[in-house]
Amino acid sequence: MTFNPHGKHLIAGAWIATESTFENEPAYGTPARFSVGTVDLVNTACEAAEEAFWSFGYSSRSERAAFLEAIASEMEARAADITAIGCQETGLPEARLNGERGRTTSQLRLFAQAIRNGDYLDRRHDVALPDREPLPRPFLRLMQRPVGPVAVFGASNFPLAFSVAGGDTAAALAAGCPVVVKGHSSHPGTGEIVAEAVHAAVKKCGVHSGVFSLVQGGKREVGAALVQHPLINAVGFTGSLGGGRALFDLCAQRPKPIPFFGELGSVNPMFILPEALKARGPAIARGWAASMTVSAGQLCTSPGIAVVPQGPEGDAFVDATAQALESVGPQVMLTNGMAAAYRNGKARFDGRNLVRAVYTSQSEGREVTPNLYEVSASTFLEDHSLAEEVFGPLGLIVRVPSAQEMTVLARAFEGQLTATIHSDAGDVELAGRLLPTLERKAGRVLMNGYPTGVEVTDAMVHGGPYPASTNFGATSVGTMSIRRFLRPVCYQNVWRDILPPDLV
C-alpha cells in the first residue's frame with residue numbers, strides 16, 4: 001500500500017489538523033492517528049457549504065454530472081490504495097472491497113446519467129386559462145429544486161458505498177446540494193483517501209471548494225452540532241437504531257426542523273410457504289445460511305428470521321440450515337465493538353425458556369461464528385425482543401402451527417427493509433394473502449430470492465416503515481434517492497426570461 005494517511009480533516013478545500021487525535025483499530029497492521037473533529041470545524045464546513053450552494057445549487061445538470069463522473073474517475077485512480085486500506089481497517093476481504101468500490105463509482109455515474117436525463121425534476125405545467133369563469137387560471141409551472149447544504153453520516157458496514165462518497169453524498173451532489181460528511185471512526189483512513197478523490201474532482205471541475213467537507217472522529221457533540229446547524233437542511237444516516245433515533249430527535253427539536261433520512265435496522269423476515277418447503281426446503285435453507293452469513297452478517301438486508309410451518313418438512317429445513325452453518329468458519333467483524341455487540345445479542349437467546357438452540361458456537365475477539373435458534377410462533381408473538389435485530393450471522397426460525405397462520409405473524413412485524421416469500425405454484429393463494437401485509441411492512445418484497453445484494457437502479461427501494469427507516473416515502477439506494485434532497489417549487493406567472501433554465 002502506497003497510501004499513508006495524514007490524519008487531517010478536509011474543510012472547504014483545506015486539510016486541517018486538530019490538537020486531539022484518535023487511533024483507528026485496523027483488523028491487521030499498525031494503527032494510524034487521526035485528528036478529532038470539533039464543533040468549530042463543523043461550523044466552518046457548514047458556512048462554506050452555504051456559500052458554495054449559491055453557485056453549485058444553480059449549476060447546470062451537465063456540470064454536476066461531470067463532477068460526479070470526475071469523482072468516480074478519481075476513485076478509480078486510487079483503486080489499489082482504497083482496497084488496501086479498506087481491507088486493513090475493516091477486515092473485509094479484497095473481493096468485497098473491490099466490488100463495493102465498483103458499486104460506488106457505478107452509482108456516481110448512474111446518478112450523472114439520471115440528472116442529464118432530467119426526469120427526476122418532475123417538471124409540470126398548467127397552461128393559463130385567462131377566459132375561465134368565474135376566475136381566470138394563472139400559468140403554473142413546477143420543478144424540484146435543491147434544499148441546500150446536507151449532512152451525511154458515514155456507515156460502519158459499508159466503508160465506500162454508504163460512506164464518504166456513497167449513496168447519500170452522491171444523491172445530494174446530484175441534486176445540487178453541498179455536503180458535509182461526518183466520517184465513521186471505524187475506517188477513517190478509507191474515508192480520507194476517498195475525500196482526496198473528491199477534493200481532486202473539485203479542483204478538476206472548478207467547483208466551489210465548500211461543496212464538500214469531511215470531519216473525522218469527535219464525540220457525540222460533533223454529530224449533534226452538525227444536525228443542529230442552522231445551515232444544514234437535511235441529514236442522511238445509515239446506522240444503529242439508537243444512534244439514528246437520537247439524531248432524528250435532534251433534527252425534530254431544532255427551531256427549524258429538518259428531514260432526517262435514517263436507515264436504522266431490519267431483520268428482513270423470510271416466509272417459507274408449504275409447497276416450496278416440500279419441493280426444495282433444504283436448498284432454500286442452504287441459500288438462507290449463505291445469505292445470513294455473507295460479510296459476517298453485517299448487512300442491513302441480512303435475513304435474520306425464517307418463518308416455517310411445523311411438520312417434517314419444516315424439521316428438515318431446520319436441520320439443513322444447521323448443517324450449512326457448520327461449514328462457515330470464523331469471520332472478522334468490522335470493529336471490536338460490533339463483535340462484542342454480536343455476542344451480547346447471542347446471549348439474549350442462550351438459556352432462554354422456550355427458545356431452542358439449534359446450532360451454537362463460541363467466538364472471541366473480533367472474530368465471530370454463526371448461531372441458529374428456533375422458537376414457536378406463540379412465544380415469538382409474546383416476546384418483542386425476539387424480533388430485534390442482532391447485527392451479525394445469527395438466525396431465528398419461527399415455527400407456525402399451520403401455513404395459514406403466517407398472515408397473523410406477518411402483521412406482528414415492525415417495519416422492515418425487506419420481506420421475502422418463498423413459494424411454488426401451489427402456494428399462490430397464500431402468497432396472495434401475504435403480499436398486502438408484507439408490502440405495508442417493507443420497502444422491498446422479494447419472491448424466491450434472498451435480500452442481500454441491493455441493485456442500484458431506477459426501481460430499487462432501500463427503506464421502509466419505521467424502524468427500518470425514518471421516512472417510509474424515501475429510498476437511500478437507486479436514482480429515486482436524489483429526490484430526498486429536493487423540494488417542489490411552483491412558479492406562477494413568472495417571466496420566462498428569469499425562470500430556471502431547466503423549466504423553460
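As shown above, the structure is provided for reference.
Okay, so let's go over this structure.

Cut-off values and rules
- Residues numbered from 1 in each chain as written.
- Predicted model: local features only at pLDDT ≥ 70, side-chain atom pairs only at ≥ 80, totals over all residues.
- Heavy atoms only, no water.
- Axes fitted to C-alpha atoms, helices over the stretch in contact; angles between N-to-C directions.
- Helix = DSSP H or I, 4+ residues; strand = E, 2+ residues; numbered from the N terminus.
- Parallel < 35°, antiparallel > 145°, perpendicular 65-115°, else oblique.
- Left-handed = near helix turned anticlockwise from the far one by under 90°.
- Contact = heavy atoms within 4.5 Å.
- Nonpolar A, V, L, I, M, F, W, Y, C, P; charged D, E, K, R; others polar.
- Expected span 1.5 Å × (residues − 1).
- Buried < 20%, exposed > 50% of the residue type's maximum accessible area, 1.4 Å probe, protein only.
- Polar contact = N/O pair within 3.5 Å; in protein donor to acceptor, adjacent residues only side chain to side chain.
- Pairing = 2+ DSSP bridges.

**Details of the packing of helix α4 (residues 94-117) against helix α5 (residues 167-175)**
Close contact between α4 and α5 brings their axes to 10 Å; oriented N to C, the two are set at 25°. With respect to α5, the axis of α4 lies roughly parallel. Considering only the axes of α4 and α5, their crossing is right-handed. Here Q107, L108, F111 and I115 of α4 come into contact with α5, specifically with G167, A170, A171 and A174. Class assignment of the residues belonging to the contact of α4 with α5 gives a composition of six nonpolar, two polar and no charged.

**Quick look at α4**
Counted at 1.5 Å a residue, the expected span for α4 with its 24 residues is 34 Å, and the 35 Å between its end C-alpha atoms agrees. G118 sits one or two residues past α4 and shows a positive phi near 90°.

**Here's the deal with the side chain of T83**
With respect to the helices and strands, the residue T83 is situated in helix α3 (residues 79-90). Accessibility expressed as a relative area gives 6% for T83, which makes it buried. One polar contact links T83 to N98, side chain to side chain, over a distance of 2.6 Å. If we ignore the near neighbours within four places in the chain, the residues touching T83 are E94, L97, N98 and R101.

**Regarding the sheet that holds strand β6 (residues 140-146)**
A sheet is described by the order of its strands in space; here three strands give the open sequence β5-β6-β21, paired in antiparallel fashion. Taken across any chain shown, the strands that pair with only one partner, and hence form the sheet edges, are β5 (124-126) and β21 (486-492). Mean inter-strand twist for the sheet, computed between neighbouring axes without regard to direction, equals 25°. When β6 meets β21, the two strands line up antiparallel, connected through seven bridges. The residue of β21 that forms the bridge with R141 is Y491.

**Re the sheet that holds strand β15 (residues 355-359)**
Taken in spatial order, the seven strands of this open sheet run β15-β17-β18-β13-β12-β19-β20, and their pairing is mixed. Only two strands of the sheet have a single neighbouring strand rather than two, namely β15 and β20 (442-447). The average undirected angle you get between the axes of adjacent strands in this sheet is 20°. Strand direction decides the pairing type here: strand β12 (residues 270-272) and strand β19 (residues 416-422), joined by three bridges, are parallel.

Note that all results are geometric; they support no functional claim without further evidence.
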